[in-house]
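Single-letter residue listing:
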Amino acid sequence: MTPSRPARPAVLGQNQYGKAENRVVRITRDGTTHHIKDLNVSVALSGAMDEVHYSGSNANVLPTDTTKNTVYAFAKKHGIESAEQFGIHLARHFVTSQEPIRQARVRIEEYAWERIADPGADSGADSASTGGGSPSADTAGGRHSFVRRGQETRVTQITYDGSSWEVVSGLKDLVVMNTTNSEFWGYVKDEYTTLKEAYDRVLATEVSGRWRFNWTGDDQPMPDWEESYRRVREHMLRAFAETYSLSLQQTLYQMGARIIDHREEIDEVRFSLPNKHHFLVDLEPFGLKNDTPEGAVYFAADRPYGLIEATILRDGSEARIPVDLTNL
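Read on for a plain summary of the structure.

What counts, and at which threshold
- Residues numbered from 1 in each chain as written.
- Predicted model: local features only at pLDDT ≥ 70, side-chain atom pairs only at ≥ 80, totals over all residues.
- Heavy atoms only, no water.
- 1 Å grid on protein atoms, 1.4 Å probe; cavity = no way out; pocket = protein on both sides within 12 Å on 5 of 7 lines; lining within 4 Å.
- Points joined across faces, edges and corners; volume = space filled by probe spheres on them.
- Helix = DSSP H or I, 4+ residues; strand = E, 2+ residues; numbered from the N terminus.
- Nonpolar A, V, L, I, M, F, W, Y, C, P; charged D, E, K, R; others polar.
- Pairing = 2+ DSSP bridges.
- Axes fitted to C-alpha atoms, helices over the stretch in contact; angles between N-to-C directions.
- Buried < 20%, exposed > 50% of the residue type's maximum accessible area, 1.4 Å probe, protein only.
- Polar contact = N/O pair within 3.5 Å; in protein donor to acceptor, adjacent residues only side chain to side chain.
- Contact = heavy atoms within 4.5 Å.
- Core = buried A, V, L, I, M, F, W, Y, C linked by side-chain atoms within 4.5 Å.
- Phe/Tyr/Trp six-rings, centres within 6.5 Å; stacked < 30°, edge-to-face > 60°.
- Expected span 1.5 Å × (residues − 1).
- Salt bridge = Lys/Arg side-chain N within 4 Å of Asp/Glu carboxyl O.

Some thoughts on the layout of surface pockets
Then step 1. Roughly 780 Å³ of internal volume is contained in the largest pocket.
Then step 2. Counting only elements with at least two residues in the lining of the largest pocket, the list comes to helix H6 (248–262), strand E10 (278–280) and strand E12 (306–313).
Then step 3. When residues of the lining of the largest pocket are assigned to their parent elements, the largest contribution, three residues, is made by E10.
Then step 4. Looking at the lining of the largest pocket, its residues break down into 10 nonpolar, six polar and six charged.
Then step 5. Size it by volume and the second largest pocket reaches roughly 590 Å³.
Then step 6. Along the walls of the second largest pocket sit 29 residues, with Lys172, Arg210, Leu325, Thr326 and Leu328 positioned nearest its centre.
Then step 7. Elements that contribute at least two residues to the lining of the second largest pocket include exactly strand E2 (33–47), strand E3 (101–111), strand E6 (153–160), strand E7 (165–178), strand E8 (203–213), strand E9 (266–275) and E12.
Then step 8. For the lining of the second largest pocket, the residue count by class is nine nonpolar, nine polar and 11 charged.

A look at the sheet that holds E7
In any sheet, the strands associate via hydrogen bonds between backbone groups, in a parallel or an antiparallel arrangement.
Then step 1. The eight strands are arranged E1-E2-E3-E6-E7-E8-E9-E12 in an open sheet whose pairing can be described as antiparallel. Looking at which strands have only one partner, the edges of the open sheet turn out to be strand E1 (22–30) and E12. Between one strand and the next, the sheet's axes are offset by a mean angle of 20°, whatever the strand orientation.
Then step 2. As judged from the 10 bridges shared by E2 and E3, these two strands associate in the antiparallel manner. Pairing of Ser42 across the sheet is with Arg107, part of E3.

Points about the side chain of Ser272
Then step 1. Inspection of the secondary structure assignment puts Ser272 in strand E9.
Then step 2. On the basis of relative accessible area, Ser272 is assigned to the buried category, the value being 12%.
Then step 3. Polar side-chain contacts of Ser272 include one of 2.9 Å to the side chain of Glu309.
Then step 4. Residues within four places of Ser272 in sequence aside, it is in contact with Glu206, Val207, Ser208, Leu307, Ile308, Glu309 and Leu325.

Brief notes about the environment of Phe94
Then step 1. Here Phe94 is to be found in helix H3 (residues 83–97).
Then step 2. What makes Phe94 buried here is its relative accessible area of 1%.
Then step 3. Separated by 187 residues in sequence, Phe94 and Val281 place their C-alpha atoms 56 Å apart.

Brief notes about the nonpolar core
Then step 1. Counting residues in hydrophobic clusters, the biggest one holds 52 residues, and the most contacted among them are Val41, Phe86, Val207 and Phe271.
Then step 2. Ranked by the residues each element gives to this core, the list is headed by H3, at seven residues.
Then step 3. Excluding anything up to four places from it in sequence, Phe86 contacts Leu39, Val41, Val71, Phe74, Ala75, Gly79, Ile80 and Ile108.

Regarding the side chain of Arg212
Then step 1. Along the chain, Arg212 turns up in strand E8.
Then step 2. Among the polar contacts made by the side chain of Arg212, one reaches the side chain of Glu268 at a distance of 2.7 Å.
Then step 3. If we skip the residues at most four places from it in the chain, Arg212 touches Glu166, Val167, Val168, Glu265, Ile266, Asp267, Glu268, Glu318, Arg320 and Ile321.

Notes on the packing of aromatic side chains
Then step 1. If you walk through the whole model with that rule in mind, you get seven aromatic pairs.
Then step 2. A centroid spacing of 5.9 Å and a plane angle of 80° characterise the contact between Trp215 and Trp225, whose relative ring orientation is edge-to-face. On the criterion of sequence distance, the pair formed by Trp215 in the loop between E8 and helix H5 (225–242) and Trp225 in helix H5 is long-range, its members being 10 residues apart. A single burial state applies to Trp215 and to Trp225, both of which are buried.
Then step 3. A connected cluster of aromatic rings, assembled from ring pairs, spans Tyr160, Trp165, Phe213, Trp215 and Trp225.

Observations regarding H6
Along an α-helix, residues three or four apart share an orientation, since each turn contains 3.6 residues.
Then step 1. The terminal C-alpha atoms of H6 lie 21 Å apart, and with 15 residues this matches the ideal 21 Å at 1.5 Å per residue to within 8%.
Then step 2. The set of residues buried in H6 consists of Leu248, Thr251, Leu252, Met255, Gly256, Ala257, Arg258, Ile259 and Ile260.
Then step 3. Where H6 is buried, its residues meet E8, H5, E9 and E12.

A closer look at the pattern of salt bridges
Then step 1. One pass over the structure, following the stated rule, counts 22 salt bridges.
Then step 2. Residue Glu242 is joined to Arg238 by a salt bridge in which the shortest nitrogen-to-oxygen separation is 3.5 Å. Pair noted here: Glu242 and Arg238 are both in helix H5, with a separation of four residues, about one helical turn.
Then step 3. Salt bridges sharing common partners tie together Lys37, Glu84, Glu110, Arg154 and Glu226.

Here's the deal with the pairing of E9
On a regular strand, each side chain points to the face opposite its neighbour's, so the side chains alternate between the two faces of the sheet.
Then step 1. Taking burial as the measure, the 10 residues of E9 include 10 buried ones, the bulk of the element.
Then step 2. By the bridge criterion, seven bridges tie E8 to E9 in an arrangement that is antiparallel. By the bridge assignment, Ser208 is partnered in E9 with Ser272.
Then step 3. Where E9 lies against E12, eight bridges are found, and the strand directions are antiparallel.

Written out as structure tokens, the structure reads:
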């Protein structure tokens, strides 16, 4: 049926719809030991949706409430092995079960939890038990008591059009700092330049990074999503720690290059790194010398800040991660 277009020059462009920010917590009980997966899932669907915009006909519209229910049902039915795997299950379902839907995009944030350990228990606490065979009270607490980890938020975006996949994963809000081994000098100076050259400075940033997998089809072996995330994060942090930095740009490149060099499943990395400036406090009015061999006091400025952004690619690959990571 031809859409009933209005008699005016306005033509419908790109459009999508879905249910955003479905908060789902999946608790898996392995006997008395519990495991948590805590996700924030947003689904966006697109396809043959002209008519609903032009005439209001909902004949091709799967209600957004249904997409919400699907998220919760799939969390129970399939479990949550990883954010990526869960998103793949959802995207495949929406595209293959609904003919009008041609593409599904699933964005997921994952919030990490860690166990509250019993300081009096030994390393075998998870398997320890009382003489009667049931876990002691202190030990059992570590099996089902958690504290929300505040280091970073893991993110992923899965896009599926019925024939090919695109998986972009990453993290945000990961704050890192080097207290030395960083310099900044030799830069352009003009009449408005007041910044003094630094030959030993604090380098700190809040990492927002995304990486694109080269897995695009069901005919390819699927990456181990959990292992990949752990290793990418590890390489990224090691590069930050081990790079003697002459600029935050240099550090950013080394972080991305190390991921490309060590993780063959990834073809593209993009970082957005705000420079979280730390300025020496002037303590001379109080008769104190600040920067001394035993240490120094800094003012941590939250704004304004330098913002360093770049994409690092495997040679021969095409850049596909959006330049603006705000909504990815």
